[in-house]
Amino acid sequence: MSAQIIDGKAVAAGLRDDLAQQVQHATAAGQRPPGLAVVLVGDNPASQVYVRNKERACAQAGLHSVKYTPAADVSQAELEALIDELNAREDIDGILVQLPLPAHLDSEALLDRIDPTKDVDGFHPDNIGRLLQKRPGLRPCTPYGVMKLLEAVGEDCTGKRAVVVGASNIVGRPMAMELLLANATVTICNSRTRDLAAEVGRADIVVAGVGKPEFVRGDWVREGAVVIDVGINRTAAGTLVGDVEFEAAARRARAITPVPGGVGPMTIAMLLHNTLSAWQARSGG
Ligand code: GUN
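Residues numbered from 1 in each chain as written. Predicted model: local features only at pLDDT ≥ 70, side-chain atom pairs only at ≥ 80, totals over all residues. Heavy atoms only, no water.

**Some thoughts on the side chain of Ser47**
Move 1: Summarising the element assignment, Ser47 is placed in helix H2 (residues 45–61).
Move 2: Apart from residues no more than four positions distant in its own chain, Ser47 is found in contact with Leu40, Gln98, Leu99 and Pro100. (Helix = DSSP H or I, 4+ residues; strand = E, 2+ residues; numbered from the N terminus. Contact = heavy atoms within 4.5 Å.)

This is the structure in structure tokens:
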């Protein structure tokens, strides 16, 4: 079998076009555009690239975006004051604090301070709790994007065995909740899982988000499975690889995401989607 390569760029572009049309329609009718505030602390080069891509996507979709770039030595109190100000602003529907933050800052306390109705990353405990309780609010962008990719390849999760490799707050845990919401039978593997190969081998759907290059071996994958690779790792040679051994997995899977060009573009599309949802909830748009 040779897998269908899931084109995340194309799926994301389609979503972004839809969002742009909705924004254009509303603004032409005199509504204010959706507003996203991005807070980028310090000068982490990877974070700078992510934020630049987010700003560009906002501009293309007609969203109003503002960027705050406090220096790396900004205090917790100053950032808390900034979040309070953004929570109160009428023209801002979404607030995103780019992670990771410098070590002296308490990231959890900052993320908890964001108004949950403006938490377009979906990281606030209220939003995670809502997802857990089958009444989702703003949903974490990457897992939400993965669900859209599964939909795009016609994968109905109902009754399927889904295995999530990695149990992080940003990917693994909310991913498992999304799959459960879609009626899959879900296993979450972590670094202590005893026989990972056997767990992966039972899966109809595999989602890998561990941050280790080619950690999920291709020969673990069951024939006909759908494989979603959330990882993005730079090798010593400078190339990008995912958390899945792509070539070998693609020989067994029914469909698989490439890295880059799979899940990555979806995360930004879902950020825009969440900002629009927050704006609609605020403005009744
Ligand atoms: N850093 C890496 N990925 C993300 C993300 O999705 N959101 C935020 N806020 N920071 C990140």
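**Re the site of the ligand**
Move 1: Taken together, the residues surrounding the ligand are Leu96, Val97, Gln98, Leu99, Asp121 and Phe123.
Move 2: In the environment of the ligand, a nitrogen atom lies 2.9 Å from a nitrogen or oxygen atom belonging to the backbone of Val97.
Move 3: Separating a nitrogen atom of the ligand from a backbone N or O atom of Leu99 is a distance of 2.9 Å.
Move 4: In isolation the ligand exposes 290 Å². Once the protein is present, 81% of that is buried.
Move 5: Judged by its atoms lying within 2 Å of the grid points, the ligand is housed in the largest pocket.
Move 6: Partitioning the shell around the ligand into residue classes produces 4 nonpolar, 1 polar and 1 charged. (Near = heavy atom within 4 Å. Polar contact = N/O pair within 3.5 Å; in protein donor to acceptor, adjacent residues only side chain to side chain. Areas by Shrake-Rupley, 256 points an atom, 1.4 Å probe, with all protein chains shown as cover. 1 Å grid on protein atoms, 1.4 Å probe; cavity = no way out; pocket = protein on both sides within 12 Å on 5 of 7 lines; lining within 4 Å. Sits in = over half its atoms within 2 Å of the grid points. Nonpolar A, V, L, I, M, F, W, Y, C, P; charged D, E, K, R; others polar.)

**Quick look at the sheet that holds strand E7 (residues 205–208)**
Move 1: With parallel pairing, the 6 strands of this open sheet are ordered in space as E1-E11-E8-E7-E5-E6. One side of each edge strand has no neighbouring strand; the edge strands of this open sheet are strand E1 (4–5) and strand E6 (185–189).
Move 2: Of the pairings in the sheet, the one linking strand E5 (residues 161–165) to E6 comprises 5 bridges and is parallel in character. Residue pairing in the sheet places Arg161 in a bridge with Thr185 of E6.
Move 3: Helix H7 (residues 172–181) contacts E5, E6 and E7 of the sheet and is inclined by roughly 170 degrees relative to E5. (Pairing = 2+ DSSP bridges. Axes fitted to C-alpha atoms, helices over the stretch in contact; angles between N-to-C directions.)

**Considerations on the nonpolar core**
Move 1: Core analysis: the biggest nonpolar cluster contains 46 residues, and Val146, Leu150, Leu179, Val207 and Ile228 have the highest contact counts within it.
Move 2: If you tally residues by element for this core, the top one is helix H10 (residues 264–283), at 9 residues.
Move 3: Beyond its immediate chain neighbours, meaning those up to four positions away, Ile228 contacts Ile6, Val146, Leu150, Val206, Val207, Ala208, Thr257 and Val263. (Core = buried A, V, L, I, M, F, W, Y, C linked by side-chain atoms within 4.5 Å. Buried < 20%, exposed > 50% of the residue type's maximum accessible area, 1.4 Å probe, protein only.)

**Observations concerning H2**
Move 1: With 17 residues, H2 should reach 24 Å at 1.5 Å per residue; the first-to-last C-alpha distance of 25 Å fits that figure.
Move 2: All buried positions along H2 are accounted for by Ser47, Val51, Lys54, Ala57, Cys58 and Ala61. Seen along its axis, H2 keeps its buried residues to an arc of 125 degrees; they face one direction. The exposed set on the far side of H2, more than 90 degrees from its buried face, consists of Pro45, Ala59 and Gln60.
Move 3: On its buried side, H2 packs onto helix H1 (8–28), strand E2 (35–39), strand E3 (64–68), strand E4 (94–97) and H10.
Move 4: For H2, the capping residue at the N-terminal end is Asn44, with a side-chain oxygen 3.0 Å from the backbone nitrogen of Ala46.
Move 5: Directly beyond the C-terminal end of H2, a positive phi value near 85 degrees is found at Gly62. (Expected span 1.5 Å × (residues − 1). Arc of directions from axis to C-beta.)

**Topic: the pattern of salt bridges**
As a working rule, side chains carrying opposite charge can pair if their charged atoms are close by.
Move 1: Applying the stated rule across the entire model yields 11 salt bridges.
Move 2: Among the ionic pairs, Asp91 bridges to Arg89, the shortest N-O distance being 3.0 Å.
Move 3: Given the relative accessible area of 26%, Asp91 is considered partly exposed.
Move 4: Arg254 serves as the salt-bridge partner of Glu155, at 2.7 Å between the closest nitrogen and oxygen. Taken together, the residues span a long stretch of sequence, with Glu155 in the loop between helix H6 (141–152) and E5 and Arg254 in the loop between helix H9 (246–250) and strand E11 (255–256) at a distance of 99 residues.
Move 5: Residue Glu155 is classed as buried on the basis of its relative accessible area, which comes to 12%. (Salt bridge = Lys/Arg side-chain N within 4 Å of Asp/Glu carboxyl O.)

**Regarding the layout of surface pockets**
Move 1: Its volume calculated, the largest pocket comes out at about 1,400 Å³.
Move 2: Sorting elements by how many residues they give to the lining of the largest pocket places H2 first, with 9 residues.
Move 3: For the lining of the largest pocket, the residue count by class is 23 nonpolar, 15 polar and 8 charged.
Move 4: If you trace the second largest pocket, you find 15 residues lining it, with Glu108, Phe123, Ile128, Asn169 and Ile170 closest to the centre. (Points joined across faces, edges and corners; volume = space filled by probe spheres on them.)

**Brief notes about the packing of helix H5 (residues 125–132) against H7**
Move 1: For the pair H5 and H7, interaxial distance at closest approach is 9 Å and the crossing angle is 30 degrees. For the pair H5 and H7, the contacting residues are Ile128, Leu131 and Leu132 in the first and Pro174, Met177, Glu178 and Leu181 in the second.
Move 2: Each residue belonging to the contact of H5 with H7 can be placed in one class, and the counts come to 6 nonpolar, no polar and 1 charged.

**Here we look at the state of the cysteines**
Move 1: Per the stated rule, a full pass over the model turns up 0 disulfides.
Move 2: Distance from the sulfur of Cys58, which forms no disulfide, to the nearest cysteine sulfur (Cys141) is 11 Å.
Move 3: Residue Cys189 stays outside any disulfide, its sulfur separated by 16 Å from that of Cys157, the closest cysteine.
Move 4: The exposure class of Cys189 is buried, given its relative accessible area of 1%. (Disulfide = S-S within 2.5 Å.)

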